[in-house]
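# Analysis of the macromolecular model
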Amino acid sequence: MIEILAITISNPLLIGVYENKKLIVEHKLDGKTSDLLPNLFIKLLNEYDIHTITYVNSPGSFMAIKVAYIFLKTICITKNIEFKACDGFEFNENSPIKALGKKYFIKQDNEIKVDFLEKDSIIRDFKLPMCIEKYNFKQETLPIYNLPAV
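With that settled, the discussion passes to the overall build of the protein chain. The helix and strand inventory of the protein chain stands at 2 helices and 8 strands. Beginning at the N terminus, the succession of helices and strands in the protein chain can be written as β-β-β-α-β-α-β-β-β-β. Taken over the C-alpha trace, the protein chain has a radius of gyration of 15 Å; the compact-globule value for 150 residues is 15 Å, and the two agree within 12%. The C-alpha extent of the protein chain, read off along each of the three principal axes, is 45 × 30 × 30 Å. Taken over 150 residues, the protein chain has a buried fraction of 44%.

Bringing the pairing of strand S1 (residues 2–7) into the picture now. For S1, the tally of buried residues reaches 6 of 6 residues, placing the bulk of the element in the interior. Residues Ile2, Ile4 and Ala6 line one face of S1 and the alternating positions Glu3, Leu5 and Ile7 line the opposite face, and both faces are buried. As paired strands, S1 and strand S2 (residues 13–19) are joined by 6 bridges and run antiparallel to one another. By the bridge assignment for S2, leucine 5 is matched with glycine 16. What sits between the antiparallel neighbours S1 and S2 is a turn of 5 residues. Sheet topology places S1 next to strand S4 (residues 50–58); 5 bridges connect them, and they run parallel. Across the sheet, residue isoleucine 4 finds its bridge partner in S4, namely isoleucine 53.

With that out of the way, let us pick up the pairing of strand S3 (residues 22–29). Across 7 bridges, the pairing between S2 and S3 is antiparallel. For leucine 14, the partnering residue across the bridge sits in S3 and is lysine 28. Count of turn residues in the S2/S3 antiparallel hairpin: 2 residues, of which asparagine 20 carries a positive phi of about 50°.

Read across the sheet, 3 strands follow the order S6-S7-S8 without closing on themselves; strand pairing throughout is antiparallel. Edge positions in the open sheet fall to strand S6 (97–98) and strand S8 (111–116), since each of these has one partner strand only. In terms of strand pairing, strand S7 (residues 103–108) meets S8 through 6 bridges, oriented antiparallel. Paired with tyrosine 104 across the two strands is aspartate 115, which belongs to S8.

Attention now goes to the sheet that holds S4. With mixed pairing, 5 strands are arranged side by side in an open sheet as S3-S2-S1-S4-S5. What marks the edges here is a single partner per strand, and that holds for S3 and strand S5 (82–87). Strand-to-strand twist of the sheet, defined as the mean angle between neighbouring strand axes without regard to direction, takes the value 20°. Where helix H1 (residues 33–47) meets the sheet, it contacts S1, S2, S3 and S4, and its direction lies at approximately 20° from that of S2. In the packing of helix H2 (residues 62–79) onto the sheet, the strands contacted are S1, S4 and S5, and the crossing angle to S4 comes to about 160°.

The rules behind each value
- Residues numbered from 1 in each chain as written.
- Predicted model: local features only at pLDDT ≥ 70, side-chain atom pairs only at ≥ 80, totals over all residues.
- Heavy atoms only, no water.
- Helix = DSSP H or I, 4+ residues; strand = E, 2+ residues; numbered from the N terminus.
- Rg over C-alpha atoms; globule rule 2.2 N^0.38 Å.
- Buried < 20%, exposed > 50% of the residue type's maximum accessible area, 1.4 Å probe, protein only.
- Pairing = 2+ DSSP bridges.
- Axes fitted to C-alpha atoms, helices over the stretch in contact; angles between N-to-C directions.
- Contact = heavy atoms within 4.5 Å.

Here it is as structure tokens:
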């Protein structure tokens, strides 16, 4: 069974192809989500019989989340592919994620807040896991923006 995991909330975009929950191909793409996803997915859809697509729906670049959601949801509807979501903290060792200005999204006790970094904070890069068996991907796929209204 082929599954795709898309981490589009930062650069580079990370797209993993998983067979039986194990990573078989990793794509690292620099650029805009709106430019990169269509070209890559033309290739992936022609090459693989995709069963599930999972994307990171929170937190991070709002535009990247919106574009990924609309694009991937459309593919899933038209190709009858299962669609799931997960938060980005799963793939960067729960380190802070850039928000606006000098503020970051920080997850503590299953709650996401927006704040300045403490001096000893460590920012880790996103990584595709070698195996996605242990992850609890959600059926609710709408983007979650995690910022209060201005």
